[in-house]
Structure formats: C-alpha cells, structure tokens
Amino acid sequence: MKLLYSYIILSLLSISALAQDIIKPTIMIIPDADWCIAKGDTTSDGLVDYEAAVIDDYFSSVNVGLEGLMVRDYGYECENLSAKLEDIKNTEALSMLTSEQLETLSLAATDTDICVSIAIFKKKHGPKVWFELNFKALDSSTLRVMHTESVVSPSRTGATGLIDYLVHSGVLEHFCNSLQRLFDDQIKNGRECRFDFSIDNSCDFDFNTTITDNGDSYTIEEIIGLWFSENTVSTGFVKGISNSTLSFKRTRIPLLQNGKKIDAQRFVRGMRSTLNKYGINMNIYPLGIGKAHIVLTKL
C-alpha cells in the first residue's frame, strides 16, 4: 500500500512539473473588425475605431468575464487592449505609418502572441431572446486567423449568462486547448515575421553595393540574406528588393531564446554585429511582435 501511495505521489509531482514547463501564449481580447464596422465604430477614414469599440457595453462585459476565466482557469497572461491603445499613441514608429497601417498597428503592435477577436450579437424572435458569441484566434504577428469558435446562449441574462454558458458548454475549454496546440506549433516551427529594410538618405551605398571580405565579394543585400538564412528556423522566406528597399516576408524566427519568448525586434538585433564589421549601423523600429522596420546608416 505504501508503495502504491508513493507511486501516486510521484505521478502527481511529475504531472505538476510538466504543467509548469508548458509555455503559454500571451493573449489580448479585441473586438472583431467586421462587427465594429457593422455597428458604426469607425473613424472618418472608414477604418475601425478600436477606442470607441472597447467601451461597447456588450464587449466590455464579455471581455472582463472572458479575460478573467482565461487567466484564472487556464493560466494565460492577458494584455488589456484599452491600455495598449494608449501606449501605441506614443510609439516612435507612428510617424512612419499611413492611417491604414496605424489601424493594423492597433492590433499588431502588442506584446501578445495571440489576439482573440470577439463579436457579440443579441437576437430576438418573438418573445425568445438569445445571445451569440463568435470568437477567433489571430496570430498577432500576421493577424492571420488561426482558429474560430461560436456559441449560442439561450440565456436572457446578457453577457453574464453568455460567459456561464461558454464555460458549461465546454466551448471555452476546447478553444483554449486549440490555442495551446497552435502555439506549440509556433514553438516548434518558429514565429512568422516580416522585416523591411531601408537606407538613410545620407548614405553613399545601396543594397547592391559590393563589399569585399577576406577576398570574397558580397552585396549588402547578400550579406543580410545570408544572415537570415543562417539564423531563421526555415529559409523559405520571401524576399523583395530594389535599390532603396529590402523586405523579408514569411520569415520564421525562433520563438524562444534561452527559454524566453522573443519578438522581431529582439531577433534582428543579432544582425547588428555582422553589419558593423562593414561600417554599417542599423536603427530598429518595432511594429509589433512580428514586424520591424530597419534603417541602415553609416557607423
């Protein structure tokens, strides 16, 4: 009997240790863009006005309830969209963006791994009232839809009843399990990022300028491309080049470095020492967890 108890205790300890080793994504709950547009939460340019959307009564109630459940019951760290919007207003990169890019930045310029987009609908047929919640997981790096779920609550109690039904129906558990599987895939196969390079006007070189190193000649574009090939998870990125711009799309970077999550900015910093050898410096402007604009200058 003592042997059995010892086995059970060791098994529980092993399960507990395994749970602690699981790296979870950071989440931010956002209002669905199409839902915002349908409600009229838009700017004068016709873009989504997220500042207006976050104070919607339905969104606010569901956001608080859903965020609380994901933190308490599933151990996720949640970023708050309202607080993040205030931070974004002060980012140095804003001066480089168009209004359309600013709208994307409202979502992409976050420290979150996954955005959970939600839309809430109150429906009525005669005396019958019910609520429908549609939510989907977006990769914060690309804003690509990763997973979708929908639940219909027969409750008349508004957002509170909707959250209760979400839990009791098992939909939330299924959704959170799906999020973890998707994030585990990113840990294995890398985070998809984009890097855009430009050259400061004061420089006397472009991306086709040739540099000689130990008897071998390379263009600046080739030096940068080689660095990406050697440091990314996959070399299957898409490259675009002109004399003044160079871009790397669908670039898979390691999600973890020394056991900690990294973003596009932290990853591309590693290129600085390589470029410095050739008298080139780089200024990095992060545009979210998965995007960075890099301006090359003279060292």
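Residues numbered from 1 in each chain as written. Predicted model: local features only at pLDDT ≥ 70, side-chain atom pairs only at ≥ 80, totals over all residues. Heavy atoms only, no water.

### With respect to the nonpolar core
Logical step 1: By size, the foremost hydrophobic cluster in this structure holds 40 residues, and its most contacted members are Ile118, Ile120, Leu133, Phe135, Leu166 and Leu179.
Logical step 2: Contacts of Ile120, omitting those with residues within four sequence positions, involve Trp35, Tyr58, Phe59, Val62, Phe131, Glu132, Leu133 and Leu162.
Logical step 3: With 29 residues, the next largest nonpolar core counts Phe267, Met271, Ile294 and Leu296 among its residues. (Core = buried A, V, L, I, M, F, W, Y, C linked by side-chain atoms within 4.5 Å. Buried < 20%, exposed > 50% of the residue type's maximum accessible area, 1.4 Å probe, protein only. Contact = heavy atoms within 4.5 Å.)

### A word on the sheet that holds strand S1 (residues 26-31)
Logical step 1: Pairing is mixed in the open sheet, where five strands are placed in the order S2-S1-S3-S4-S5. Looking along the sheet, the strands with just one partner apiece sit at the ends: strand S2 (77-79) and strand S5 (145-153). Recorded for the sheet is a direction-independent mean angle of 25° between the axes of neighbouring strands.
Logical step 2: Those strands touched by helix H8 (residues 171-189) are S1, strand S3 (114-125), strand S4 (128-139) and S5, and its axis lies near 175° from that of S5. (Pairing = 2+ DSSP bridges. Helix = DSSP H or I, 4+ residues; strand = E, 2+ residues; numbered from the N terminus. Axes fitted to C-alpha atoms, helices over the stretch in contact; angles between N-to-C directions.)

### Considering the side chain of His293
Logical step 1: Tracing the backbone through its elements, the reader meets His293 in strand S14 (residues 291-298).
Logical step 2: Within the local environment of His293, its side chain forms a polar contact with the side chain of Ser198, the two groups lying 3.0 Å apart. (Polar contact = N/O pair within 3.5 Å; in protein donor to acceptor, adjacent residues only side chain to side chain.)

### Some remarks on the environment of Arg194
Logical step 1: With respect to the secondary-structure elements, Arg194 resides in strand S6 (residues 191-199).
Logical step 2: Overall, the relative accessible area of 31% leaves Arg194 in the partly exposed class.
Logical step 3: When the C-alpha atoms of Arg194 and Lys291 are compared, they prove to be 4.9 Å apart, with 97 residues separating the residues in sequence.
Logical step 4: Leave out the neighbours within four places in its chain, and Arg194 touches Phe248, Lys249, Gly290, Lys291 and Ala292.
Logical step 5: A polar contact of 3.0 Å, which involves the side chain of Arg194, links it to the side chain of Asp196.

### Regarding the confidence of the model for the protein
Logical step 1: Here the protein averages 81 in pLDDT, while 82% of its residues score no lower than 70.
Logical step 2: Confidence scores differ between elements of the protein, with helix H1 (residues 2-21) showing the lowest mean pLDDT of 42 and helix H11 (residues 272-276) the highest of 94.
Logical step 3: Counted against residues more than four places away or in other chains, residues 2-20, with its pLDDT under 50, gives zero contacts.
Logical step 4: For residues 95-106, every residue scores under 50 in pLDDT, and the model assigns this stretch 23 contacts once sequence neighbours within four places are set aside. (pLDDT = per-residue confidence, 0-100.)

### Side note on the side chain of Asp113
Logical step 1: Relative to the assigned elements, Asp113 resides in the loop between helix H6 (99-108) and S3.
Logical step 2: When its relative accessible area of 0% is taken as the criterion, Asp113 is described as buried.
Logical step 3: From its side chain, Asp113 meets the backbone nitrogen of Thr26 in a polar contact 2.8 Å long.
Logical step 4: Side chain to side chain, Asp113 and Lys261 meet in a polar contact 2.5 Å long.
Logical step 5: Sequence-distant contacts of Asp113, that is, excluding residues within four places in its chain, are made with Lys24, Pro25, Thr26, Leu138, Asp139, Ser140, Phe183, Arg191, Lys261 and Ile289.

### Description of H8
Logical step 1: Along its 19 residues, H8 runs 27 Å from first to last C-alpha, staying within 8% of the 27 Å computed at 1.5 Å per residue.
Logical step 2: Turning to H8, its buried residues are Val171, Leu172, Phe175, Cys176, Ser178, Leu179, Gln180, Phe183 and Gln186.
Logical step 3: A positive backbone phi angle near 95° is found at Gly190, which sits one or two residues after H8. (Expected span 1.5 Å × (residues − 1).)

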